[in-house]
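What the coordinates show
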Amino acid sequence: MPQLKVVMAQLNPVVGDMEGNASLVIDAAERAVREFGADIVVFPELMLTGYPPEDLLLRPSLDLRVERALQRICAQVPGGCHVVVGYPRRCGAGLLNAAGVVHAGQIIAEYAKQHLPNYQVFDEKRYFVTGDRPLIVDIAGVPVAITICEDIWESAPLLQAAAGGARVMLNLNASPYHVNKAAERLQNVQRRVADGAMPVVYVNMVGGQDELVFDGGSMVVDAAGVQQVLAPSFEAGLYPAVLELGVESVSVARGPIAPPREEVASIYAALVEGVRDYVNKNGFPGVVLGLSGGIDSALTLAIAVDALGAERVQAVMMPFLYTSSMSLEDAEDEARRLGVDYRVMPIEPIYDAVLATLA
């Protein structure tokens, strides 16, 4: 049976670093072809700018930087595969949240996101205008539709694609984490599969950006609603899937299913990811935190060490008149167990000096 090899590029872009993100795309596409023989490589939503780009989208230099990055990608990704990547695109009506299909050194098709989220952490209507039509691209004789993130939470885009003859849906995402989000995503994708009776390849990003954390969990769900491939959460990487091309339908070969994390483990992983990327993407050399000997600061220290390594964490105990010996002992023990630089800086002299000054 003929096959179409799709690689989900579950990556961690840096907001604003279009040159660096373009390099991630090029390197990942080269690896996907070399290691998996990829016919299609799919990247997350707004991969070139990172997500959410917010007011960077208002800068006059945006269009030029996006165009330069796209030119590099067109020139350097392997010409034999199709690369689907997200970026902002200027049109007469305004700025589009777009996805382009790169093949043989050029962008052969573009799609504009139709449903712009504007609730909770999302404010896309501040920056983007909506698209209004489906995109169906012939890849190796298979009509493949493309949508972006919120489009998969609505029926209309998939129904449009099905009416246009699409047999597979590729969906690019920047879907942030919250507790039980993975289960919600799967249920929603299964609903869309039922609407259009076609497999959905769902690609999500990983990484932290300020208050948001993206947990990955990219997946492929077949036309019967069965999850056949699932990438691990919080792990950047390339995750392949094989589509088997029948005369009248496209099926999905069973692939790796990453074991789900328990709820507490998932929350902890999100905290570690958020701290790591906040520190690293802002270029901070490390962190300093106060230890009290209590549970809250002990957990904070563990998260910091898991995120950055002990060598980039300094712990400070600031005892006062009422600090118990048990607190001092526990704080020192925590710091020793985790191997961090530990200092004791009593604050009673500072307190006395303030009182004297106020008097």
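Right above here is the structure, for reference.
Residues numbered from 1 in each chain as written. Predicted model: local features only at pLDDT ≥ 70, side-chain atom pairs only at ≥ 80, totals over all residues. Heavy atoms only, no water.

Some details on the sheet that holds strand S17 (residues 313-317)
As summarised here, the arrangement of the three strands in space is S16-S17-S18, forming an open sheet in which the pairing is parallel. The open sheet terminates on both sides in strands that have one partner only, identified here as strand S16 (287-291) and strand S18 (341-344). Geometrically, the sheet is characterised by an average inter-axis angle of 25° between neighbouring strands, direction not taken into account. Of the pairings in the sheet, the one linking S16 to S17 comprises five bridges and is parallel in character. (Pairing = 2+ DSSP bridges. Helix = DSSP H or I, 4+ residues; strand = E, 2+ residues; numbered from the N terminus. Axes fitted to C-alpha atoms, helices over the stretch in contact; angles between N-to-C directions.)

Some thoughts on the nonpolar core
In this structure, Val41, Phe43, Ile73 and Val83 are the most contacted members of the largest nonpolar core, which totals 41 residues. Mapped by element, the contributors of at least two residues to this core are strand S1 (3-10), helix H1 (18-36), helix H2 (62-76), strand S3 (82-91), strand S4 (94-103) and strand S11 (212-215). Among the elements that line this core, the one with the most residues is H1, at seven residues. For Ile73, the contacting residues outside a window of four places in its chain are Ala22, Val25, Ile26, Leu48 and Val102. Counting residues in each nonpolar core, the second largest holds 32 residues, with Val203, Ala231, Leu243 and Val252 among its members. (Core = buried A, V, L, I, M, F, W, Y, C linked by side-chain atoms within 4.5 Å. Buried < 20%, exposed > 50% of the residue type's maximum accessible area, 1.4 Å probe, protein only. Contact = heavy atoms within 4.5 Å.)

Side note on a nonpolar patch on the surface
On the surface, a nonpolar cluster with roughly 780 Å² of combined accessible area is contributed by Met318, Met345, Ile347, Ile350, Tyr351, Val354, Leu355 and Leu358. Relative to the helices and strands, Met318 resides in the loop between S17 and helix H7 (325-338). Given a relative accessible area of 45%, Met318 falls into the partly exposed group. (Patch = residues over 30% accessible without salt bridge, like charges linked within 9 Å, V, L, I, M, F, W, Y side chains within 5 Å. Areas by Shrake-Rupley, 256 points an atom, 1.4 Å probe, with all protein chains shown as cover. Salt bridge = Lys/Arg side-chain N within 4 Å of Asp/Glu carboxyl O.)

Describing the state of the cysteines
A full pass over the atoms with the stated rule returns zero disulfides. Cys81 supplies the cysteine sulfur nearest to Cys74, a cysteine that is in no disulfide, at a spacing of 12 Å. Cysteine Cys149 remains unbridged, with the sulfur of Cys91 as its closest cysteine sulfur at 20 Å. Looking at Cys149, the relative accessible area reads 7%, which means it is buried. (Disulfide = S-S within 2.5 Å.)

Some words on the environment of Gln3
Mapped onto the elements, Gln3 comes out in strand S1. Remark: the alpha-carbon pair of Gln3 and Asp39, spanning 36 residues in sequence, is separated by 9.3 Å. If we ignore the near neighbours within four places in the chain, the residues touching Gln3 are Asp39, Val242, Leu243, Glu244 and Leu245.

Considering the side chain of Asp222
By the secondary structure assignment, Asp222 is in the loop between strand S12 (219-221) and strand S13 (227-230). Buried and unpaired, Asp222 has Arg254 as its nearest opposite-charge partner, separated by 7.1 Å. At 2.8 Å, the side chain of Asp222 and the side chain of Gln228 are in polar contact. With near-sequence residues (within four places) excluded, Asp222 lies in contact with Val193, Pro199, Gln228 and Val252. (Lys, Arg positive; Asp, Glu negative; His and termini not counted. Polar contact = N/O pair within 3.5 Å; in protein donor to acceptor, adjacent residues only side chain to side chain.)

Concerning the side chain of Asp277
Mapped onto the elements, Asp277 comes out in helix H5 (residues 263-281). Asp277 gets classed as buried once you look at its relative accessible area, which sits at 7%. Here Asn12 takes part through its side chain, which lies 2.8 Å from a polar atom of the side chain of Asp277. Looking at Asp277, its side chain comes within polar contact range of the main-chain nitrogen of Gly208, at 2.7 Å. For Asp277, the contacting residues outside a window of four places in its chain are Asn12, Gly207, Gly208 and Asn282.

Notes on unusual backbone geometry
Residue Pro52 follows Tyr51 across a cis peptide bond; omega there is 0°. If you trace the backbone, Pro52 turns up in the loop between strand S2 (40-42) and H2. At Gln120, a position not held by glycine, the phi torsion is positive, near 50°. Its place among the elements puts Gln120 in the loop between strand S5 (106-112) and strand S6 (136-139). Take Gln120: its relative accessible area is 76%, and that puts it in the exposed class.

Considerations on the packing of aromatic side chains
Any two aromatic rings considered together are summarised by their centre-to-centre distance and by the angle between their planes. A complete count under the given rule lists six aromatic pairs for this structure. Taken together, a centroid distance of 5.7 Å and an interplanar angle of 70° make the contact between Phe320 and Tyr322 edge-to-face. Judged by its relative accessible area of 68%, Tyr322 is exposed. (Phe/Tyr/Trp six-rings, centres within 6.5 Å; stacked < 30°, edge-to-face > 60°.)

Side note on the packing of helix H6 (residues 295-308) against H7
Remark: H6 packs on H7, axes separated minimally by 11 Å, with the N-to-C direction vectors making an angle of 15°. By the criterion of interaxial angle, the relationship of H6 to H7 is roughly parallel. For the crossing formed where H6 meets H7, the hand is right-handed. For the pair formed by H6 and H7, the contact residues are Ala298, Leu301, Ala302 and Val305 on the first element and Glu334, Ala335 and Leu338 on the second. Its residues assigned to classes, the contact of H6 with H7 shows six nonpolar, no polar and one charged. (Parallel < 35°, antiparallel > 145°, perpendicular 65-115°, else oblique. Left-handed = near helix turned anticlockwise from the far one by under 90°. Nonpolar A, V, L, I, M, F, W, Y, C, P; charged D, E, K, R; others polar.)

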